[in-house]
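Residue strings, one per chain:
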Amino acid sequence: MRLERKTGVVILMLFLAGCSTVTAQNITQNIVQNIAPGAPGAPSTWAFAGKDGIGTSYESYDGRTGKISKVWFSVARGILTETMYGLIHQAQIKDMQFLITGDGFVDSEKNDTVATIDYLDKDAAGRPLSLAYRIITRDKQGKYEIEKRIFTDPDRNVLFIRVIFRALKGNITPYLYLNPHVNNTGSGDIARATMTGLYASDSGTYLALKSSGKFVKTSAGFVGVSDGMTDLKDNGKMDWHYGSTGKKTGNVALMAELGTLKQGQVARYDFAIGFGHSAAASTQAAEASLAEGYDRILARYDGKGAYVGWQDYIASLPALPGMVSSTTDGGKLLYTSAMVLKAQEDKTYPGALIASLSNPWGETSSADKAATGYKAVWPRDFYQTTMAFLALGDRQTALKAFQYLQKLQVTAKTPGNKGASGWFLQKTHVDGVHEWISVQLDQTAMPIMLGWKLHQAGILSDARLRHWYQVMLKPAADFLVYGGKVNLDGNIAQVNPPWTEQERWEEQPGYSPSTTAAVITGLVTAADIARTVGDNASAQRYLKAADDDQARLQSRMFTTTGPFNKGKNNGRYFLRITPHQNPNNNDKIPGKNGRAAIGERFMMDAGFLELVRYGVLPADNAAILDSLPELDDQSRGDSLRLHYDFTFKGVKGVFLGWRRYGNDGYGEDADTGRNYGRMTPGQRGRVWPIFTGERGHYELALDESRTGKVSDKEIDALKNTYVRAMELFANDGMMLPEQVWDGVGVNSRSHPYRRGEGTDSATPLAWAHAEYIKLVRSLTDRKVWDYYQVVGKRYKK
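Cut-offs applied
- Residues numbered from 1 in each chain as written.
- Predicted model: local features only at pLDDT ≥ 70, side-chain atom pairs only at ≥ 80, totals over all residues.
- Heavy atoms only, no water.
- Helix = DSSP H or I, 4+ residues; strand = E, 2+ residues; numbered from the N terminus.
- Rg over C-alpha atoms; globule rule 2.2 N^0.38 Å.
- Buried < 20%, exposed > 50% of the residue type's maximum accessible area, 1.4 Å probe, protein only.
- Contact = heavy atoms within 4.5 Å.
- Areas by Shrake-Rupley, 256 points an atom, 1.4 Å probe, with all protein chains shown as cover.
- Lys, Arg positive; Asp, Glu negative; His and termini not counted.
- Charge placed at Lys NZ, Arg CZ, Asp CG, Glu CD.
- Pairing = 2+ DSSP bridges.
- Axes fitted to C-alpha atoms, helices over the stretch in contact; angles between N-to-C directions.
- Parallel < 35°, antiparallel > 145°, perpendicular 65-115°, else oblique.
- Left-handed = near helix turned anticlockwise from the far one by under 90°.
- Nonpolar A, V, L, I, M, F, W, Y, C, P; charged D, E, K, R; others polar.
- Phe/Tyr/Trp six-rings, centres within 6.5 Å; stacked < 30°, edge-to-face > 60°.
- Lys NZ or Arg CZ within 6 Å of the ring centre and 35° of its normal.
- Salt bridge = Lys/Arg side-chain N within 4 Å of Asp/Glu carboxyl O.
- Polar contact = N/O pair within 3.5 Å; in protein donor to acceptor, adjacent residues only side chain to side chain.

Undergrad: Help me understand the overall build of the protein, please; the structure alone is not making it clear to me.
TA: Each helix and strand counted, the protein has 22 helices and 27 strands in total. Here the C-alpha radius of gyration of the protein, 27 Å, is about what a compact globule of 797 residues would show, namely 28 Å. Expressed as lengths along the three principal axes of its C-alpha atoms, the size of the protein is roughly 80 × 55 × 55 Å. Out of the 797 residues in the protein, the part that is buried amounts to 64%. Put simply, of all contacts in the protein between residues at least 6 apart along the chain, 69% involve residues at least 24 apart. Carbon and sulfur atoms make up 51% of the accessible area of the protein, which totals about 27700 Å². Between the mean site of the 94 positive side-chain charges and the mean site of the 84 negative ones, the protein shows a separation of 0 Å.

Undergrad: Just to check I follow, could you spell out the sheet that holds strand S8 (residues 144-152) for this structure?
TA: Picture the strands of a sheet paired through backbone hydrogen bonds; they go either parallel or antiparallel. Within the open sheet, the 8 strands sit side by side as S6-S7-S8-S9-S16-S13-S12-S11. Their pairing is antiparallel. Both edges of this open sheet fall to strand S6 (113-119) and strand S11 (190-194), since each of them pairs with a single strand only. Averaged over all neighbouring strand pairs, the angle between strand axes comes to 15°, with direction disregarded. Summarising the sheet, S6 and strand S7 (residues 133-139) pair through 7 bridges and their orientation is antiparallel. Residue pairing for S7: Asp-118 is matched across the bridge by Arg-134.

Undergrad: Would you mind showing me how to read the sheet that holds strand S27 (residues 687-688) here?
TA: Strand order in the open sheet formed by 3 strands is S25-S26-S27, with antiparallel pairing between adjacent strands. Two strands close off the open sheet at either side, each with one partner strand: strand S25 (643-646) and S27.

Undergrad: Explanation requested: the packing of helix H13 (residues 462-482) against helix H14 (residues 513-532) in the structure shown.
TA: If you want to describe how two helices pack, look at the angle between their axes and the distance between the axes. Put simply, H13 and H14 touch, their axes get as near as 10 Å, and they point 140° apart. Judged by the angle between their axes, H13 and H14 are oblique. Judged by the sense of rotation from one axis to the other, the crossing of H13 with H14 is left-handed. Of H14, the residues touching H13 (which contributes Asp-462, Leu-465, Tyr-469, Leu-473, Ala-477, Leu-480 and Val-481) are Val-519, Gly-522, Leu-523, Ala-526, Ile-529, Ala-530 and Thr-532. Tallied by class, residues from the contact of H13 with H14 come to 11 nonpolar, 2 polar and 1 charged.

Undergrad: Please explain the packing of aromatic side chains as it appears in this structure.
TA: Geometry of an aromatic ring pair is reported as the spacing of the ring centres plus the angle between the planes. Taken as a whole and judged by the stated rule, the model has 37 aromatic pairs. With centroids separated by 5.3 Å and ring planes inclined at 40°, the aromatic side chains of Tyr-58 and Tyr-313 adopt a geometry described as tilted. Of this pair, Tyr-58 sits in the loop between strand S1 (53-56) and strand S2 (71-76) while Tyr-313 sits in helix H7 (residues 310-315); the two residues are 255 residues apart in sequence, bridging distant segments of the chain. With respect to class, Tyr-58 is no different from Tyr-313; both count as buried. Ring centres of Tyr-666 and Tyr-676 lie 4.7 Å apart, and the angle between their planes is 75°; on these two criteria the pair is classed as edge-to-face. You can see Tyr-666 sitting in the loop between strand S26 (655-659) and S27 and its partner Tyr-676 sitting in the loop between S26 and S27, a full 10 residues away along the chain. You can call Tyr-676 buried: its relative accessible area is 17%. Ring pairs connect the aromatic residues Phe-98, Phe-165, Tyr-269 and Phe-271, which therefore count as one cluster. Positioned above the aromatic ring of Phe-564, the side-chain terminus of Arg-636 is 3.7 Å from the ring centre.

Undergrad: Would you explain the pattern of salt bridges in this entry?
TA: A side chain with one charge can pair with a side chain of the opposite charge if their charged atoms come near. Evaluation of the coordinates by the stated rule reveals 56 salt bridges. Across the salt bridge formed by Arg-166 and Glu-145, the nearest N and O atoms sit 2.7 Å from each other. Note that Arg-166 is positioned in strand S9 (residues 158-167) and Glu-145 in strand S8, a separation of 21 residues in sequence. Arg-166 gets classed as partly exposed once you look at its relative accessible area, which sits at 22%. Where Asp-664 meets Arg-660, a salt bridge forms, and the shortest distance between an N and an O atom there is 2.8 Å. Accessibility classification places Asp-664 together with Arg-660 in one group, the buried group. The network of salt bridges with common partners includes Arg-134, Arg-138, Glu-145, Glu-147, Arg-149 and Arg-166.

Undergrad: Looking at this structure, how should I read helix H18 (residues 622-632)?
TA: Note on helix geometry: an α-helix contains 3.6 residues per turn, so any two residues three or four positions apart are oriented the same way. Taken residue by residue, H18 has Ala-623, Ile-624, Asp-626, Ser-627, Leu-628, Glu-630 and Leu-631 as its buried positions. At the N-terminal boundary of H18, the capping side chain belongs to Asn-621, with an oxygen 2.9 Å from the backbone nitrogen of Ala-623.

Undergrad: In this structure, what is going on with helix H6 (residues 294-302)? I would like to understand it.
TA: Summarising burial for H6: 7 of the 9 residues are buried, a large majority. Burial in H6 covers these residues: Tyr-294, Ile-297, Leu-298, Ala-299, Arg-300, Tyr-301 and Asp-302. Among the residues trailing H6, Gly-303 stands out with phi positive, at a value near 90°.

Encoded structure:
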């Protein structure tokens, strides 16, 4: 950060000179009253969404962990980022970092340091045993080092951070800089700074930061105008000392100057950030954590000795040890993935599993209004995560999740519903409040599929299955057969299955291979459940609808006149979606995410592989085999190309990745390098690691189809191709991203992406971690974990 040699007085005079007389008088009066000027401050945004770590305390359902802490945190690029309290989507902090001044420099930890991350608690093989982190940031010239150890207090609503400063070359002065976004927005906060603590609040929610060490100076201000960072940019000194931001709300920041360190000195501070619904509650929580101390709180968080914590959760997963041999990193990502999925469960509504503890492209996403981002529930992502819990042997979470699903089903009692019932909401808050309301039929089928799996696993008894069939699964299956007129909060549509209002990418209506795969599987499993509970008439209806959909897969979604002609396929392949049951008429697919409309035959995706995964088609089906060369064609132009190869420094081999579909615009602009959000023609969806997992599952099914048995050699090949690739796509904190940079287009960020590195879309993505876990379990079992025997038996040709 460049030093500007001006004084605070000169800046203030220049600022006042540009103001009206009344405004200048108000600002002068504020300074006299020790109130920060400049409300509301700069527009607020969220933080970088590529998280290197997330954390929260483990809470057992039986109460063995004691009081419940409802605090979650994330870290990215070496600093604390969004921190939630209350419900899992309710952010209270955007970020917290340290500013460092010295001889001729003012550094921000976010922009002027290089970070490393590791786990505080690991086993002898280096596998993480809790979501507590050690993060070390070093400036690029080697002048100083900052070590942070971050975790939550399991018995209080407190985030605990131990910070160690080391002055390596010359003297340094550190400053703590906190940007609250209380009550899930960044534009309505007020702040107060004293010599004993930093405080912020919004609409009845409060945070308090307390320190084990003394503050030298403190100040509160509005970001970009009167905050501490703006102050330091002036002359490298903290000249402004505002006690509060007054009664005006805005985008606020708090800063505390810590003691100066001389070269060679080391200083240690413990910081506790308490949250509550009163100033007293947040302050008392923070003070109590500091009084209990670092060692005991970390021991409780980890589950050391008699305490129950993350170590106990890992130990409760019976399948985990046996799965390690199917990884290539000794189980490090596997153990991390298990905890990452569990950490993304809400604690007010047990079983509510969100998609990601992040806001996609957060750095350029406005925080002026409350938003969930990916901290919300989609039944599709939810299904993937729950199936991963089953793969790990976590029967309790799988059952809680299934029971929670009833909150998401549309019934006659759903607020605003004036139409058909039985289908599941597109996207909701964890409390069930609906946010997006289009009908996605795979999200209605998957709860049925999950119920069948739970019964097969013995988690649901016949009696409980009968209950859930009547109250949730039968209405869903009936909707998959009959559809109906949907009328919910302005979404009015006639749904005639397997036509879906949106497919799994939430953009297009029509007939989709991936959606239809779920619909058929949902109906066949519903029929099996119906027979089990004695409803034979419904079972026959469900099977008739499923058989009809299965028989018409190719006539609806498989083109024989496509423009892609890799090898000898002569334009034969499954499409992403067809609007009108005719895959050969080249109906236009409407443009989305800034991209122009395109003919249906030019748009492929890998969704047809779900037909094999569930058992709707065998792996060696001719239509599947015809589609694969087109899916994998790397000679196609980047706009329509799906398959990309990756290499990684120091790693032998070439690793495979795929985009969602041709013409995808859900990603950074390839022409300008800007984040997603402007809906420009250059926007480009990148490679998603989940498709590497999906392809690995398909190849396993194909190997099994050849001889009925998968050899050790074949398992090793799959492991070193697909499992290894997903492990390499994970970042240094072992978080799997939604998307990785594919090397196409402008890469003009201040931290340019490396090829194969996660972008700012959303990390960690629960679906990606779930797909990895399921792939590892599938290789361990030598059969596809998501396969449905009752479906495969019916349609095996």
